[in-house]
Amino acid sequence: MAKKLSKSRIISGLQCVKRLHQEVYHPERAEISDATQQIFAQGNQIGELACQQYPNGVLIDRNPLSEALRKTTELLNNPDCPPLFEATFEHEGVLVQADILIPGNEEVEIIEVKSSTKLKPIYLKDCAIQHWVITGAGHRISRMQLAHVNNEFVYKGNLNYDGLLKQVDVLEEVSPDLKQVPVWIKQFKTMLENEEPEIKVGPHCNDPYSCSFKSHCYESLGEWPITDLPNLGKLALELQEEGHTDIRRVPEDRLSNSLHSRVHRVISSQTPELDPQASVELAKLSYPRNYLDFETISFAMPIWEGTRPFEQLPFQWSCHIEDSTGNFEHFEFLDTSGEMPMLDFAEKLISSIDNDGPVIVYSSYEGVILRMMENRIPDLAEEFVRIQARLFDLLPLTKKYYCHPEMRGSWSIKSVLPTFAPELDYGDLEVQGGQAAQQKFLEIIKPGISENVLEKGRTSLLEYCKRGTLAMVKLAQFLADSRHKFV
């Protein structure tokens, strides 16, 4: 029996036919990341906001799809048809659901809603598929619009989101892709009648979306895949064409990038490398040393007055402060009141690190947030500038002087930490990553949450952020110690 296609499946096929094959035949292999789940949640939120502009609209229940098709047809045949949400159409075995359909006398207007802040090329293909199916089902489209988030919008409070969405007419822009839609459909239907296609891993695994089936594809490359080479890009395809999937078997002369060469050397020899110069550089840092980590949140629909969509807003920090004798004090901040936390965040941070010592971070991100805070809280701008002048990023130093096979070409703190301090692995924490921290924060600032859930969520966030700065402490100690113990 021929497999049905949908708009989302066609979009997946345009990225990679193997991804489409997996979605149809092996959906259980998908690994949905926290980041992807957050994107879905933001998309749903923006979709609901768009629908609120049509208070008399009717939502078509998609389960079962046969009933959704019938209900859509029934409503559109009614001269008093209201706006429809998730109106469902089928043409030549392809199903689509329009986010918003506004009926006219003999034509319809389609509005496709995206949570992005700009019109991406893939969205035009998305709209072209919608257009081809809806017109093929017998409806004339007078206007096709793409609604996306206006990143210049500033929330004024009181749930006033007028102006958050910007609508762009794309009817003419989808024309070039319309002719390609039946070509895509024929190609993908034929592919789905056959065995899983052989597709090499490469840049398309993350473009335009991060594929949920990467682990499945990477497994086929073996225990030490070439994908462990950082930022591999098109070289991944070239190496596979030459028959190289195992990083240890790649000829050295194929790697012109010095970072690739080092990762290749370390993995091939299974021998960690640590340059003593790391200790020399760290010895230059004065005391007290402030190890600092931020957690931030961004909203597609801002909830705090004066903020913009997707603006990174800090709500938590952790700081371990080390004196010259190696003793530590730990300070932390987390606001779970649901109120705008940035001023309190900043004042308590400035007070806690009121010393002349370096502020040690593990990325450039804290610097970015401090610069943003300069503009948001002008009265404290000078303090933010002084803190920025004290920043010392441990990541470039680690990347320059340390490499371990088990890091697998990644210098994220979660990749580095298990190679010398496995007892600090994040696996024992409820919150194990930045995206998960954002989701937990959103969960516990909801009105009406129980005291028990709030306290558990708060504890999990504090433990996660504290682990981040403790990891930096242990990393600095490891890099500075001549008696290295690798795991």
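Residues numbered from 1 in each chain as written. Predicted model: local features only at pLDDT ≥ 70, side-chain atom pairs only at ≥ 80, totals over all residues. Heavy atoms only, no water.

Colleague: Describe the sheet that holds strand E11 (residues 328–334), naming the residues involved and giving the relevant values.
Modeller: The mixed open sheet is built from five strands, whose spatial order is E11-E10-E9-E12-E13. Among the strands making up the open sheet, the edge pair consists of E11 and strand E13 (391–393). Neighbouring strand axes in the sheet, compared pairwise and without regard to direction, differ in orientation by 25 degrees on average. Pairing of strand E9 (residues 289–297) with strand E12 (residues 359–361) involves two bridges; the strand directions are parallel. Note that in E12 the partner of Asn290 across the bridge is Val359. In the packing of helix H12 (residues 342–352) onto the sheet, contacts are made with E9, strand E10 (313–322) and E11, and the angle to E10 comes to roughly 10 degrees. With respect to the sheet, helix H15 (residues 394–401) is in contact with E12 and E13, its orientation differing from that of E13 by roughly 30 degrees. (Pairing = 2+ DSSP bridges. Helix = DSSP H or I, 4+ residues; strand = E, 2+ residues; numbered from the N terminus. Axes fitted to C-alpha atoms, helices over the stretch in contact; angles between N-to-C directions. Contact = heavy atoms within 4.5 Å.)

Colleague: Can you lay out the pattern of salt bridges for me, pointing to particular residues and giving the numbers?
Modeller: Tallied over the full model, the rule gives 26 salt bridges. Across the pair Lys7 and Glu112 runs a salt bridge, and its minimum N-O distance is 2.6 Å. Of this pair, Lys7 sits in helix H1 (residues 7–15) while Glu112 sits in strand E5 (residues 108–113), placing them 105 residues apart in sequence. Neither Lys7 nor Glu112 differs from the other in exposure class; each is buried. (Salt bridge = Lys/Arg side-chain N within 4 Å of Asp/Glu carboxyl O. Buried < 20%, exposed > 50% of the residue type's maximum accessible area, 1.4 Å probe, protein only.)

Colleague: Give a detailed account of the packing of aromatic side chains, specifying residues and quantitative values.
Modeller: This structure, assessed with the given rule, holds 10 aromatic pairs. Relative to Phe345, the ring of Phe294 has its centre 5.1 Å away and its plane inclined at 70 degrees; by these criteria the two rings are edge-to-face. One end of the pair, Phe294, is in strand E9; the other, Phe345, is in helix H12, with 51 residues separating them in the sequence. What makes Phe294 buried here is its relative accessible area of 4%. Accessibility expressed as a relative area gives 1% for Phe345, which makes it buried. Ring geometry for Phe315 and Phe441: centres 3.9 Å apart, planes at 20 degrees, overall stacked. In this pair, Phe315 is assigned in strand E10 and Phe441 in helix H17 (residues 434–444), connecting sequence segments 126 residues apart. Note on Phe315: relative accessible area 0%, which makes it buried. (Phe/Tyr/Trp six-rings, centres within 6.5 Å; stacked < 30°, edge-to-face > 60°.)

Colleague: Can you explain the pairing of E5? Please cite residues and give values.
Modeller: Across the six residues of E5, six count as buried, placing the element largely inside the fold. Burial along E5 is two-sided: the face carrying Val108, Ile110 and Glu112 and the face carrying Glu109, Ile111 and Val113 are both buried. Judged from the four bridges that link them, strand E4 (residues 94–103) and E5 form a sheet pairing that is antiparallel. Bridged to Ile100 within E5 is Ile111. In the sheet, E5 pairs with strand E6 (residues 141–149) via six bridges, with the strands oriented parallel. By the bridge assignment for E6, Glu109 is matched with Arg143.

Colleague: Could you give me a rundown of unusual backbone geometry, with the residues and numbers involved?
Modeller: At the junction of Asp207 and Pro208, the peptide bond is cis and its omega measures out at 5 degrees in the coordinates. By the secondary structure assignment, Pro208 is in the loop between helix H7 (181–192) and helix H8 (214–219). A cis amide bond links Tyr287 to the next residue, Pro288, at an omega of 0 degrees. Positionally, Pro288 belongs in the loop between helix H11 (277–283) and E9. One non-glycine residue, Gln270, adopts positive backbone phi at about 55 degrees.

Colleague: Tell me about the environment of Ile369, and please be specific about residues and values.
Modeller: Position of Ile369 relative to the elements: it lies in helix H13 (residues 365–376). For the pair Ile369 and Ser33, spaced 336 residues apart in sequence, the C-alpha separation works out to 24 Å. Residues within four places of Ile369 in sequence aside, it is in contact with Phe294, Thr296, Gln312 and Pro314.

Everything listed here is a matter of coordinates, which is why it stays silent on function.
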